[in-house]
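Topology and contacts: notes
Residues per chain are reported as follows:
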Amino acid sequence: MRNTQATALLFELASPGRRAARFPAADTPDVPLDQLIPAEFLAAEPPPLPEVTEPDVIRHYVNLSTLNMSVDTHFYPLGSCTMKYNPKRHERLAGLAGLGDLHPYTAEADAQGMLAMMWDMQQMLAEIAGLPAVSLQPAAGAQGELAALLVASAYFRDRGEKRTRVLFPASAHGTNPASAALAGFDCIQLKGTSDGLVDLDELKSHLDDRTAVFMITNPNTLGLFEPQIHTISEMLHEVGGLVYIDGANMNAILGVTRPGDFGGDMMHYNVHKTFTGPHGAGGPGAGPIAVRDFLADYLPAPMVEREETDSGPVYRLTTPTKTIGRVRSHFGNVGILLRGYFYLKTLGPDGLREVSEQAVLNANYLKSLLADVLPVPHGKHCMHEFVASAKSVQGKTGISAMDLAKRLLDYGFHAPTVYFPLVVPEAMMMEPTETESRATLDAFSEVIHKIVLEDPDFVHQAPHSTPVSRPDEVQAARNPILHWEPAST
Amino acid sequence: MDPASLKYAPSHEWIHVDGDIATIGISEFAVHQLTDLVFIELPEVGRTLEPGDDFGVVESVKAVSDLYAPVAGEVTEVNSSLEDNLDPLTDDPFGAGWIIKLKVTDASGLDQLMDQAAYQAHCAAEEH
């Protein structure tokens, strides 16, 4: 049973003199603190830490953890985030002492096993991308974008070309223009067509010798595969520009098609989304990038190289000749890369293709179940996710996308992404992922159909079963309270 | 300001021109679409704008939107009270919620703007 008192802060539970541990008396002579640390570095008063017992602390955090909604406790169709279940086997393997405890300064000769796996990971990611050179360095997808754009920038500089513009469709992830701006490019946003795809005339009107890179997510944020991607790539290549594929939605096309095959010159992976790993809370993530051969020399260092010798293969770290440098300390977020590695090895090529087929099937199944109440304005079929609209529900009942999202929590479902992307009114973006059963999708659909028939006033006030119902978002944004302070001060 | 006397941009800014001074805000429809407003970023007085330049940002709990200049001009005044209190923009977007004033340097952009009837049709189309 849930403890509804669980949200009291440790400071509020504190009582003077409580301890979780008592230390034995020291058997060495006491030295006054100010003889050990210069007075100017000492605080006048000890910090006001909460005084609590061990059971206080344990109950506090265990009870808080029961308030979490996570992919381990609930169906989590949060569109754009790919909240698939993470197999626990891979967590365990990545934590094996020989892997998890390996020191980053271990000599190459003593880390051959790890280097062999990372080399293998480079090879696998190159094959899935259809692009030959891979750097595992970037610490997250967005850093992968930045690193790849710096690679593009170094490439053009090397060729003596002054290309200043990065183009992207209006449906792009916000990280695309952010990365481009950080890499020193001017950002040009292109209007899309009414069916959610790239407008070729609009694209053409912006292509010239200033064009550096066109960034595109394929399938896009609406869950639609861009059928003109080949033509788009040709148009970019004709003016000497590069095509960047944002790999955020690779979960939909693994083993079916490859960015390198449809004209992409560079891409990033989100290892945690596509190949599983912990989500959220700021990482750690991993955002490997894959590029065409003519860009390989500029990749971030180090990379793993394999040399065949008489006594078998030897692996070593190398630095590409014209590298943009390091983008992360040591070898990147190896723990996350390992989870991806084990995931790929567990599934194999056929299993990986099945992941995408199942993800696309699940999304289309859920889309069809909901079509009568939450129609999808763009596209007949979707890929791994779809963006439905609660516009007609709202018109008939007053129940908005936000109301539906909040009420779902009472039924034990995490909400879909709402009000994104902006091109769909009352947007509800759903991504069931491949790890959900048909029974779960049926149950979710039944609940949606039930909620739209409920008393709208009751739904406006949902959720009714959570410790906090609807936070005041305006106050939270305008006057955030970021830390606890004693009431007396 | 009488909404019927204003000109509108497709990106939901309204403009009222009096002599060479233009007052610019965003429409009631835009405010309604954005829902609860949280922040506004205003330009500095003296900045020169070309038609289509972004001159600020309005952020709601739902979305962040750029504000675009419908005509060319130099910013002469900004409604800086909005930075502390966005209620006038929510309650009276065509009046107390005005955002900037421009000294118009080129009024040619005005011809491409919509009157109220055309703008209402534009909003109705956008809702579907």
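Since the structure is predicted, the reported quantities are computational estimates derived from the model, not experimental observations.

Moving on to the overall build of chain B. From N to C terminus, chain B includes 3 helices and 9 strands. Reading the helices (α) and strands (β) of chain B from amino to carboxyl end gives β-β-β-α-β-β-β-β-β-α-β-α. The globule rule puts the C-alpha radius of gyration for 128 residues at 14 Å, and the 13 Å found for chain B is close to it. Overall size of chain B, expressed as C-alpha extent along the three principal axes, is 35 × 35 × 25 Å. Looking at chain B residue by residue over its 128 residues, the buried ones come to 44%. The contacts in chain B between residues at least 6 apart in sequence include a share of 60% that link residues at least 24 apart. A total of about 6,200 Å² of accessible surface is found on chain B, and carbon and sulfur atoms cover 46% of it.

What links the strands of a sheet is backbone hydrogen bonding, and the strands pair in either a parallel or an antiparallel sense. All names here are of chain A. The 3 strands are arranged E10-E12-E11 in an open sheet whose pairing can be described as antiparallel. Strand pairing shows two members of the sheet lacking a second neighbour, strand E10 (386-389) and strand E11 (417-418), which therefore form its edges. Relative to strand E12 (residues 427-430), E10 runs antiparallel, the two being bridged by 4 bridges. Note on E12: the bridge partner recorded for Ala-388 is Met-428. The strands touched by helix H12 (residues 334-370) are E10 and E12; relative to E10, the strand with the most contacts, the crossing angle is about 10°.

Before going further, it helps to examine the environment of Glu-485 of chain A. All names here are of chain A. Among the structural elements, Glu-485 can be located in the segment after helix H17 (473-478). A relative accessible area of 48% places Glu-485 in the partly exposed class. Along the chain, Glu-485 and Phe-11 lie 474 residues apart, while their C-alpha atoms are 9.2 Å from each other.

Next up on the list: the interface of chain A and chain B. Listed per partner, the contact involves 8 residues of chain A and 12 residues of chain B. Both sides of the chain A and chain B interface together cover about 880 Å² of buried area, and 58% of this is carbon and sulfur. Remark: the boundary between chain A and chain B carries 0 salt bridges. Our enumeration of links across chain A and chain B arrives at 3 residue pairs in polar contact (both at pLDDT 80 or more). Taken together, the residues of the side of chain A that touches chain B sort by class into 5 nonpolar, no polar and 3 charged.

All names here are of chain A. Close contact between helix H7 (residues 141-158) and helix H8 (residues 175-182) brings their axes to 9 Å; oriented N to C, the two are set at 40°. The angle between the axes of H7 and H8 places the two elements in the oblique class. The chirality of how H7 crosses H8 is right-handed. On H8, the residues touching Ala-142, Glu-145, Leu-146 and Leu-149 of H7 are Thr-175, Asn-176, Ser-179, Ala-180 and Leu-182.

Right, let's talk about the packing of helix H14 (residues 401-410) of chain A against helix H15 (residues 438-451) of chain A for a bit. Residue and element names in this part refer to chain A. Interhelical geometry of H14 versus H15 gives an angle of 120° and a closest axis separation of 10 Å. If you check the angle between H14 and H15, you find them oblique. The handedness of the crossing between H14 and H15 comes out as right-handed. Note on element contacts: H15 touches H14 through Phe-444, Val-447, Ile-448 and Ile-451, opposite Leu-404, Arg-407 and Leu-408.

This prediction gives chain B a mean pLDDT of 92; 98% of its residues lie at or above 70. Under the prediction, the complex receives an ipTM of 0.72, its pTM being 0.87.

With that settled, consider the packing of aromatic side chains. For the structure shown, the criterion picks out 15 aromatic pairs over all chains. Judged by centre distance (6.2 Å) and plane angle (80°), the rings of Tyr-155 of chain A and Tyr-298 of chain A are edge-to-face. Taken together, the residues Tyr-155 of chain A in helix H7 and Tyr-298 of chain A in the loop between strand E7 (289-291) and strand E8 (303-309) connect sequence positions 143 residues apart. Here Tyr-155 of chain A and Tyr-298 of chain A have matching classes, each one buried. Between Lys-101 of chain B and the ring centre of Trp-98 of chain B, over which it is positioned, the NZ or CZ distance is 4.8 Å.

Omega for the peptide link from Ala-301 of chain A to Pro-302 of chain A comes to -5°, which places this bond in the cis form. For the bond from Ala-462 of chain A to Pro-463 of chain A, the omega torsion is 0°, close enough to zero to count as cis. With respect to the secondary-structure elements, Pro-463 of chain A resides in the loop between helix H16 (456-460) and H17. Phi at His-12 of chain B takes a positive value of approximately 80°, unusual for a residue other than glycine.

Right, let's get into the nonpolar core. Residues and elements named next belong to chain A. Among the nonpolar cores identified, the biggest contains 55 residues, and Leu-203, Phe-214 and Phe-275 are the most heavily contacted of them. Those elements that place two or more of their residues in this core are helix H6 (112-129), strand E3 (186-190), strand E4 (211-217), helix H10 (229-238), strand E5 (242-247), strand E6 (266-269) and H12. When residues in this core are grouped by element, the largest group, 11 residues, is from H6. Composition of this core by domain shows at least three residues from each of domain 2 (88-348) and domain 3 (349-466). When neighbours within four sequence positions are excluded, Leu-203 is seen to be in contact with Leu-167, Leu-190, Val-198, Phe-214, Ile-232, Met-235 and Leu-236. Among the nonpolar cores identified, the runner-up in size contains 30 residues, and Phe-386, Val-393, Val-447 and Val-459 belong to it.

Rules and cut-offs
- Residues numbered from 1 in each chain as written.
- Chains lettered and ligands numbered in written order.
- Predicted model: local features only at pLDDT ≥ 70, side-chain atom pairs only at ≥ 80, totals over all residues.
- Heavy atoms only, no water.
- Helix = DSSP H or I, 4+ residues; strand = E, 2+ residues; numbered from the N terminus.
- Rg over C-alpha atoms; globule rule 2.2 N^0.38 Å.
- Buried < 20%, exposed > 50% of the residue type's maximum accessible area, 1.4 Å probe, protein only.
- Contact = heavy atoms within 4.5 Å.
- Areas by Shrake-Rupley, 256 points an atom, 1.4 Å probe, with all protein chains shown as cover.
- Pairing = 2+ DSSP bridges.
- Axes fitted to C-alpha atoms, helices over the stretch in contact; angles between N-to-C directions.
- Buried area = accessible area lost by both parts, 1.4 Å probe.
- Salt bridge = Lys/Arg side-chain N within 4 Å of Asp/Glu carboxyl O.
- Polar contact = N/O pair within 3.5 Å; in protein donor to acceptor, adjacent residues only side chain to side chain.
- Nonpolar A, V, L, I, M, F, W, Y, C, P; charged D, E, K, R; others polar.
- Parallel < 35°, antiparallel > 145°, perpendicular 65-115°, else oblique.
- Left-handed = near helix turned anticlockwise from the far one by under 90°.
- pLDDT = per-residue confidence, 0-100.
- Phe/Tyr/Trp six-rings, centres within 6.5 Å; stacked < 30°, edge-to-face > 60°.
- Lys NZ or Arg CZ within 6 Å of the ring centre and 35° of its normal.
- Core = buried A, V, L, I, M, F, W, Y, C linked by side-chain atoms within 4.5 Å.
- Domains from an automatic or database assignment.

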